[in-house]
Amino acid sequence: MKICSIYKSSRKDEMYLYVEKRELLTRVPEALLTMFGTPVHLMDMPVKPGRKLARIDVEKMLAGIVEKGYYLQMPPPKEDYMLDLYPDRPETGVR
């Protein structure tokens, strides 16, 4: 079992960084932290294989922490139907 610290990105909604609590952000590459923005600590939680989490595979998350020192949870893809709410939006707008 590991105790993981979870951080959310200050730049991108629904992007999270999972790290081992005792190592904090020491093994996260500087380039990733620059892209991620200022990490905002959400919580610490014990995690072991077999535990269910909403949007991530716990085994992949634990493997990422062991191998790289972190696991990056990307935001879910935007649904196309949500983009059709404003069909007359300019092409240069957010997609």
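Scroll up to find the structure.
All of these numbers come straight from a predicted model, not from anything done at the bench.

(A) Here's a closer look at the side chain of Lys2. Tracing the backbone shows Lys2 in strand E1 (residues 2-8). At 3.5 Å, the side chain of Lys2 and the side chain of Glu20 are in polar contact. Ignoring sequence-local partners within four residues, the contact set of Lys2 consists of Glu20, Met45, Pro46, Val47, Leu62, Ile65 and Val66.

(B) Main features of the sheet that holds strand E2 (residues 16-20). What the four strands build is an open sheet, ordered E3-E1-E2-E4; its pairing is antiparallel. On the outer flanks of this sheet lie strand E3 (40-47) and strand E4 (71-73), each paired with one strand and no other. In this sheet, neighbouring strand axes are inclined to one another by 25° on average, regardless of whether the strands run parallel or antiparallel. Two strands pair when backbone bridges link them, and E1 and E2 are joined in this way by five bridges, in the antiparallel orientation. Residue Ser5 lies in a different strand from E2, and its bridge partner there is Val19.

Reading the values: the criteria
For every chain, the first residue of the written sequence is number 1, and numbering continues from 1 onward in sequence order. Whole-chain, interface and lining totals are the exception, using all residues; otherwise, since this is a predicted model, local features are given only for residues with pLDDT of at least 70 and side-chain atom pairs are given and counted only at 80 or more. Side-chain measures were taken over the full set of non-hydrogen atoms in the model, leaving aside hydrogen atoms and water. Strands are runs of DSSP state E lasting at least 2 residues, helices are runs of H or I lasting at least 4, and numbering of each runs from the N terminus. Here a polar contact is taken to be a pair of N or O atoms separated by no more than 3.5 Å, where protein atoms must pair a possible hydrogen donor with a possible acceptor and residues adjacent in sequence count only if both atoms sit in side chains. Residue contacts follow a heavy-atom distance rule, with two residues in contact if any of their heavy atoms lie within 4.5 Å. Between any two strands, pairing holds if DSSP finds at least two bridges. Lines are fitted to the C-alpha atoms to define the axes, a helix being fitted only along its stretch in contact, and any angle between axes, read from their N-to-C directions, falls within 0 to 180 degrees.

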